[in-house]
Amino acid sequence: MIERRPGRSGREELGCLAAGQISGGRGYSLSARLRTIFESLTALIHQFQPDAVAVEEPFVDKNIQTALKLGQAEGVALLAAELAGVPVMIYPPATIKLALTGYGRAEKHQVGQMVGRLLRLKEPLTSHHATDALAVAICHAHSAPMSEAIQRPLGKQRGLGVRGHRSTLLALMRTGPRIQ
């Protein structure tokens, strides 16, 4: 979760509010793991009240079973955002890499370094999944206005596949601090 906030120089800067990953729990049935993901995301959306959710557009891998399971997890994540009334933007991996590093085929460690720099993290994140989700959030924050961002209604997703052994990346964003 990132947010925009006033910086020291008067310009807006990005800050990291939270980062992590949701585990569905090995050893449980697929439906129980999907429920855990849905309930966890619903709780996070309720807690942080994001203005937008950004997702990395996955690609199809050779392992069909993995593709099916991750597609189901992504569907649950998108449903949680939709039910909460939070707009969802979907970005291709190359767009995310380009927004962070200036190169659409950047390596994972380069993206991780830029996430740390842009969010002024004191220590590197230990989870690649959390780093990737923050990268998606930064891409969205640096992208064109929402009206020009890649917005696809749930029924009109183009080329939705699944990223091999990786989880669905979901980033929550706020455009400014919430007043309690």
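Residues numbered from 1 in each chain as written. Predicted model: local features only at pLDDT ≥ 70, side-chain atom pairs only at ≥ 80, totals over all residues. Heavy atoms only, no water.

Undergrad: Teacher, can you tell me more about the overall build of the protein here?
TA: Helix and strand counts for the protein stand at 5 helices and 5 strands. Counted from the first residue to the last, the protein has its helices and strands arranged as β-β-α-β-α-β-α-α-α-β. The contacts in the protein between residues at least 6 apart in sequence include a share of 76% that link residues at least 24 apart. Surface summary for the protein: the accessible area is close to 10,700 Å², and the carbon and sulfur share equals 53%. (Helix = DSSP H or I, 4+ residues; strand = E, 2+ residues; numbered from the N terminus. Contact = heavy atoms within 4.5 Å. Areas by Shrake-Rupley, 256 points an atom, 1.4 Å probe, with all protein chains shown as cover.)

Undergrad: Explain unusual backbone geometry to me, please; I cannot follow it from the model alone.
TA: Trans is the common state for peptide bonds, and a negative phi is the common state for residues other than glycine. The phi torsion at Q49 lies on the positive side, around 45°, for a residue other than glycine. Position of Q49 among the secondary structure elements: in the loop between α1 (30-48) and β3 (52-56). Judged by its relative accessible area of 45%, Q49 is partly exposed. A positive phi is found at R120, a non-glycine position, where the angle reads about 55°. (Buried < 20%, exposed > 50% of the residue type's maximum accessible area, 1.4 Å probe, protein only.)

Undergrad: Whenever I open this one, the pairing of strand β1 (residues 2-6) confuses me. Can you help?
TA: Note: β1 against strand β2 (residues 12-16), 5 bridges, orientation antiparallel. Directly across from I2, in β2, lies its bridge partner C16. The antiparallel pairing of β1 with β2 creates a hairpin that spans 5 residues between the two strands, and G10 there sits at a positive phi of about 90°. (Pairing = 2+ DSSP bridges.)

Undergrad: Would you mind showing me how to read the side chain of T131 here?
TA: Here T131 lies in helix α5 (residues 128-142). Here the side chain of T131 touches S127 through a polar contact of 3.0 Å, landing on its backbone oxygen. (Polar contact = N/O pair within 3.5 Å; in protein donor to acceptor, adjacent residues only side chain to side chain.)

Undergrad: Is there a simple way to explain the pattern of salt bridges in this structure?
TA: Close approach of charged atoms lets side chains of opposite charge pair. Taken as a whole and judged by the stated rule, the model has 5 salt bridges. One salt bridge connects R120 with E13, and the closest N-O pair in it is separated by 3.7 Å. With R120 in the loop between α4 (108-118) and α5 and E13 in strand β2, the pair connects residues that are 107 residues apart, well separated along the chain. The partly exposed category is assigned to R120, whose relative accessible area is 48%. (Salt bridge = Lys/Arg side-chain N within 4 Å of Asp/Glu carboxyl O.)

Undergrad: Would you take a moment to explain helix α3 (residues 93-101) for this structure?
TA: Because each turn of an α-helix spans 3.6 residues, side chains separated by three or four positions in sequence point in the same direction. For α3, every residue scored as buried is listed here: P93, I96 and L100. Along the axis of α3, the buried residues cluster in a sector spanning 65°; they form a single face. At the exit of α3 stands G102, carrying a positive phi of roughly 85°. (Arc of directions from axis to C-beta.)

Undergrad: How should I be thinking about the confidence of the model for the protein in this particular structure?
TA: One rule of thumb: low pLDDT means the predicted coordinates there are not for detailed reading. Looking at the protein, the pLDDT average stands at 79 and 78% of residues meet or exceed 70. For the protein, the element scoring lowest by mean pLDDT is strand β5 (residues 170-174), at 59; α4 scores highest, at 95. Residue range residues 146-169 is modelled with pLDDT below 50. Its contacts to residues more than four positions away, or to other chains, number 67 contacts. When the criterion is pLDDT under 50, residues 176-180 qualifies, and its contacts beyond four places in sequence or with other chains add up to 9 contacts. (pLDDT = per-residue confidence, 0-100.)

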